[in-house]
Amino acid sequence: MSEASLPATSPVSLPAFRFSAAETIKHVVLILGSLIVLLPFYVMLSYSFKSPAEIMQNTGGFFGTQELFRDDYCIKLGRDAADCMVTPFIYNYTTAFEKAPLIRYLFNGVVVTASIFFIQVLVALPCAYALAKLRFWGREAVFGLVLFCLLIPVHAIALPLYIMLAKLGLTNTYAALVIPWTISVFGIFLMRQFFMTVPDDLIDAARMDGMSEFSIIWNVMLPTAIPALLAFAIFSVVAHWNDYFWPRIVVTGDRSLFTPPLGLREFKGDADGDNFGPMMATATIIVAPLIVAFMIAQRRFIEGITLSGMK
């Protein structure tokens, strides 16, 4: 077979990689920003593995040397020094559960954050639906008030809220931790923006089928709003799970009502110094459920933030 009869082959085209200074700078800034955000978590997790001496001297690497050290509190209890030698990792995490009722604090956090989010959804969905899909006099003014309330910091109204709860005798109760946050203007705003993307034809079809407005909210709008609700759930749960300011004000005498952030105070010493190892172990345990929940709901969370609407 002659070379002239061979089929012509076209050269293989390789993808062209073009250098872009703007893209490079953008990625460098994002990487630096992520490192700044992750640095406190790195330090927290590392300190939860180390002995007090390694923490104070900042030695031992990420996991520490895990050499035995003497537990001074054990010595104060009158035990032999040989029986008070402990491994840093085991000591930090066991002390986190033994010195403070951490399980109780985590339970309180679940009860408070779940109750707040559940009531917030009950309030936010009807309000958002009315502002997005119903026509009534003063609707834009009401929406303007919602936006105005977003500008009010919680610290500005903390004292009036506390006085009101104290007069009602609700301090040192679950109600004091839940009631002030049952109406979320951010939740109303987020859900309203999402409902604006839902076609009116879907609602008109539901009305033609004889559904009431409340039935439309819970049977039609709620299923379409799952991505936005998951996004709002992340914001709400993280804010109230990590809240130290308000529980510190309204929970003053009942230790059994402490939320997880208040539990960190158990390891803050005065004359004896701070117990940083168990404190960082407690912080790691408190943060871990939030990280796991976010990783599970990450895709839906991004969908809700971008307010994608219906496909």
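### Regarding the nonpolar core
Point 1. In this structure, Ala96, Leu106, Trp246, Val250, Val251 and Ile285 are the most contacted members of the largest nonpolar core, which totals 35 residues.
Point 2. Of all the secondary structure elements, the ones that give two or more residues to this core are helix H1 (21-47), helix H4 (88-98), helix H5 (102-133), helix H7 (154-167), helix H8 (174-178), helix H13 (245-250) and helix H15 (276-296).
Point 3. Considering each element in turn, this core owes the most residues, eight residues, to H15.
Point 4. If sequence neighbours within four positions are ignored, isoleucine 285 has contacts with Tyr93, Ala96, Phe97, Leu102 and Leu106.
Point 5. Val121, Ala128, Ala132 and Ala233 belong to the second largest nonpolar core, which has 22 residues in total.

### Quick look at the pattern of salt bridges
Point 1. By the definition in use, this model includes five salt bridges.
Point 2. A salt bridge links glutamate 213 to arginine 207; the shortest N-O distance between them is 3.1 Å.
Point 3. Of the residues examined, glutamate 213 reaches a relative accessible area of 31% and is grouped as partly exposed.
Point 4. It is possible to trace a salt-bridge network through shared partners that takes in Asp204, Arg207 and Glu213.

### Structural notes on unusual backbone geometry
Point 1. Of note, asparagine 58 is a non-glycine position whose phi angle comes to about 55°, a positive value.
Point 2. Tracing the backbone shows asparagine 58 in the loop between helix H2 (52-57) and strand S1 (69-70).
Point 3. Residue asparagine 58 is classed as exposed on the basis of its relative accessible area, which comes to 55%.
Point 4. Within the chain, asparagine 172 stands out as a residue other than glycine whose phi angle is a positive 60°.

### Structural notes on the packing of aromatic side chains
Centre distance and the angle of the planes are the two values used to describe a pair of aromatic rings.
Point 1. Taken as a whole and judged by the stated rule, the model has 13 aromatic pairs.
Point 2. Seen in terms of ring centroids, phenylalanine 89 and tyrosine 93 are 5.1 Å apart; in terms of plane orientation they differ by 50°. Their pairing is tilted. Linking phenylalanine 89 with tyrosine 93, this pair stays in helix H4, spanning four residues, or about one helical turn.
Point 3. Sitting over the face of the ring of phenylalanine 143, arginine 192 holds its NZ or CZ atom 3.9 Å from the ring centroid.

### Re the packing of helix H6 (residues 139-149) against helix H9 (residues 185-195)
Point 1. At a minimum axis separation of 9 Å, H6 and H9 run at an interaxial angle of 130°. With respect to H9, the element H6 is oriented oblique. Judged by the twist between their axes, the crossing of H6 over H9 is left-handed. Contacts between H6 and H9 involve Phe143, Val146, Leu147 and Cys149 from the former and Val185, Ile188, Phe189, Arg192 and Gln193 from the latter.
Point 2. When grouped by side-chain class, the residues that make up the contact of H6 with H9 number seven nonpolar, one polar and one charged.

Reading guide: rules and limits
Residues numbered from 1 in each chain as written. Predicted model: local features only at pLDDT ≥ 70, side-chain atom pairs only at ≥ 80, totals over all residues. Heavy atoms only, no water. Core = buried A, V, L, I, M, F, W, Y, C linked by side-chain atoms within 4.5 Å. Buried < 20%, exposed > 50% of the residue type's maximum accessible area, 1.4 Å probe, protein only. Helix = DSSP H or I, 4+ residues; strand = E, 2+ residues; numbered from the N terminus. Contact = heavy atoms within 4.5 Å. Salt bridge = Lys/Arg side-chain N within 4 Å of Asp/Glu carboxyl O. Phe/Tyr/Trp six-rings, centres within 6.5 Å; stacked < 30°, edge-to-face > 60°. Lys NZ or Arg CZ within 6 Å of the ring centre and 35° of its normal. Axes fitted to C-alpha atoms, helices over the stretch in contact; angles between N-to-C directions. Parallel < 35°, antiparallel > 145°, perpendicular 65-115°, else oblique. Left-handed = near helix turned anticlockwise from the far one by under 90°. Nonpolar A, V, L, I, M, F, W, Y, C, P; charged D, E, K, R; others polar.

By themselves, these are just geometric observations and shouldn't be taken as functional.
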